[in-house]
Amino acid sequence: MKFRADEIASVIQAEIENYRSQIDVREVGRVLEVGDGIARVYGLSGVMAGEMVEFPGGIIGLAFNLEENSVGVIILGDYLQITEGDEVKSTGKLLSVPVGEAVIGRVVDPLGNPLDGKGPIVTSDRREVETAAPGVAERQPVKQPLQTGIKAIDSMTPIGRGQRELIIGDRKTGKTAIGVDAIINQRDSGVKCFYVAVGQKESTIAGVIEVLRAKGAMDYTTVIVAGASDPAPLQYVAPYAGTAMAEFFMYKGEHALIIYDDLSKQAAAYRQLSLLMRRPPGREAYPGDVFYAHSRLLERSAKLSDALGGGSLTSLPIIETLEGEVSAYIPTNVISITDGQIYLQPDLFFAGIRPAMNVGISVSRVGGSAQIKAMRKVAGGLRLDLAAFRELEAFAQLGTDLDAATQARLDRGYRMVEVLKQGQYEPLNVIDQVLIIYAGTRGHLDKIPAGEVPAWEKQFLTFMNDQKSEIVAKIQEAKDLDEETMAAINAAIGEFQQQYASQKEATASA
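Keep in mind that this is a model prediction, so the values were computed, not measured.

Caption draft 1: Looking closely at the sheet that holds strand β3 (residues 51–54). Taken in spatial order, the six strands of this closed barrel run β1-β2-β5-β4-β3-β6, and their pairing is antiparallel. The sheet shows a mean angle of 45° between the axes of neighbouring strands, direction not considered. Running over the sheet, helix α6 (residues 263–276) touches β2 (38–42), β4 (60–66) and β5 (71–76) and is turned about 35° from β2.

Spelled out as structure tokens, the structure:
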């Protein structure tokens with residue numbers, strides 16, 4: 001066999017021309033110990049706080065504690081696959097998640113991996129999980145309503161786009177239901193919704209997703225899941241990941257709503273990580289910076305200035321109390337960060353008053369500026385009236401004789417309580433809310449037995465939308481009530497009262 005020198009030369013020449021120097025320079029460390037979702041790593045001296053590191057098998061970790069001789073890493077995955085002595089590579093990147101239209105309608109984990117079996121999320125857009133909140137100059141006041149569809153909330157503790165309204169109460173008092181109702185009510189508003197489930201039972205999360213799917217809300221909603229069986233690092237990261245996905249739309253000039261369900265469990269996961277990392281415990285064994293963990297998360301919700309596109313991110317964080325203890329550490333922290341709270345009371349819930357909102361403690365610090373003018377007019381004194389009614393009701397239980405005026409206030413109070421009751425997953429259009437609250441506060445229900453109020457309300461709203469649609473359309477267009485419109489509503493209520501009475505008589509005689 002003869003060698004052809006020119007052929008060999010040409011091959012060598014081609015190799016030299018196409019040679020590219022590619023040296024993969026990475027900082028590499030070794031796992032000293034691993035367990036309970038954290039690892040101690042030796043050798044990563046140049047790693048940054050919050051930087052992603054890579055374990056064998058593609059498992060991601062996050063540099064959490066930078067110590068003199070080692071780095072404490074929280075493992076965002078199955079830590080049981082990592083063993084002592086494994087090689088750890090630094091990536092030089094901060095943790096990021098996929099964002100954009102591709103994540104809408106999907107169920108994902110806190111790293112953006114799909115959990116719904118609908119294939120991979122195809123998007124080139126990514127956003128860092130931890131980013132700085134907008135500054136004062138980059139914001140504008142909250143004045144655009146975000147309708148939840150819940151009469152008690154939209155009338156007494158209104159929520160505006162860009163606001164942070166805390167939902168707080170004991171377990172099983174309807175906290176999640178309020179968040180889910182708010183998502184369902186955004187169907188035609190163009191608001192993108194994000195539901196972050198932290199530390200919830202998998203069966204509960206599946207139930208919420210099923211409700212959202214049945215109501216057609218998954219078309220504009222993303223669910224970020226870090227269930228009770230997921231490691232503490234994923235539960236800790238989940239709210240930040242959900243916020244990054246929602247922020248993408250805010251900075252595009254669109255509107256987004258995010259529900260954190262719930263931050264008590266995220267704080268517990270953070271406490272677990274901090275104690276394992278030997279960080280000094282503070283009050284109730286939480287680390288000293290647990291307030292900062294929540295404040296840097298919730299401050300990212302804002303109404304951006306017009307110069308930045310005027311987008312908004314509204315957040316409804318949920319906090320679970322124990323035995324109504326609102327003055328515990330985490331509840332007081334989050335109350336001080338948010339722009340108001342909706343407090344749900346167990347005894348109201350079990351008495352059948354749902355949503356079980358305590359109007360005395362519940363407040364919105366944005367107030368009437370997050371309401372349409374029509375709602376402001378009909379519901380102006382409703383909160384104070386209901387709080388006074390609760391006191392009067394407690395006094396009346398002493399069995400004393402009441403004068404006619406006090407009895408009339410009590411009777412109206414009972415009817416308003418019935419008006420504000422609402423079934424789960426049945427959000428109501430804001431114009432329908434205005435009409436029924438107008439009827440209640442102006443005394444049109446005083447002669448209707450309290451037990452019949454829900455039936456009256458249902459028939460009345462059907463009557464208004466079918467037979468008096470011009471009044472509804474006028475309020476819808478003006479978002480206000482003038483003297484002429486109020487006179488038209490009064491006349492329509494009078495007409496309906498006659499229909500209702502004759503229908504009732506016909507039913508009784510039959």
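Continuing now.
Caption draft 2: Quick peek at the environment of G451. Within the secondary structure, G451 sits in the loop between α13 (430–441) and α14 (453–467). Judged by relative accessible area, G451 falls into the exposed class, the value being 72%. Sequence separation between G451 and E418 is 33 residues, and the spatial gap between their C-alpha atoms is 7.9 Å.

Caption draft 3: Geometry of unusual backbone geometry. That bond from D261 to D262 is cis: its omega, -5°, falls within 30 degrees of zero. A cis amide bond links R354 with the next residue in sequence, P355, at an omega value of 0°. Phi at A285 takes a positive value of approximately 70°, unusual for a residue other than glycine. Note on placement: A285 falls in the loop between α6 and α7 (290–298).

Caption draft 4: Seen up close, the pairing of strand β15 (residues 340–344). Most of β15 is tucked away: five of the five residues are buried. What you see with β15 is no split at all: G340, I342 and L344 on one side and Q341 and Y343 on the other are buried throughout. Both strand β10 (residues 166–169) and β15 contribute to a ladder of four bridges, which runs parallel. Directly across from G169, in β15, lies its bridge partner L344. One ladder, built from two bridges, connects β15 with strand β16 (residues 363–364); its direction is antiparallel. Directly across from Q341, in β16, lies its bridge partner V363.

Rules used throughout
Residues numbered from 1 in each chain as written. Predicted model: local features only at pLDDT ≥ 70, side-chain atom pairs only at ≥ 80, totals over all residues. Heavy atoms only, no water. Pairing = 2+ DSSP bridges. Helix = DSSP H or I, 4+ residues; strand = E, 2+ residues; numbered from the N terminus. Axes fitted to C-alpha atoms, helices over the stretch in contact; angles between N-to-C directions. Contact = heavy atoms within 4.5 Å. Buried < 20%, exposed > 50% of the residue type's maximum accessible area, 1.4 Å probe, protein only.

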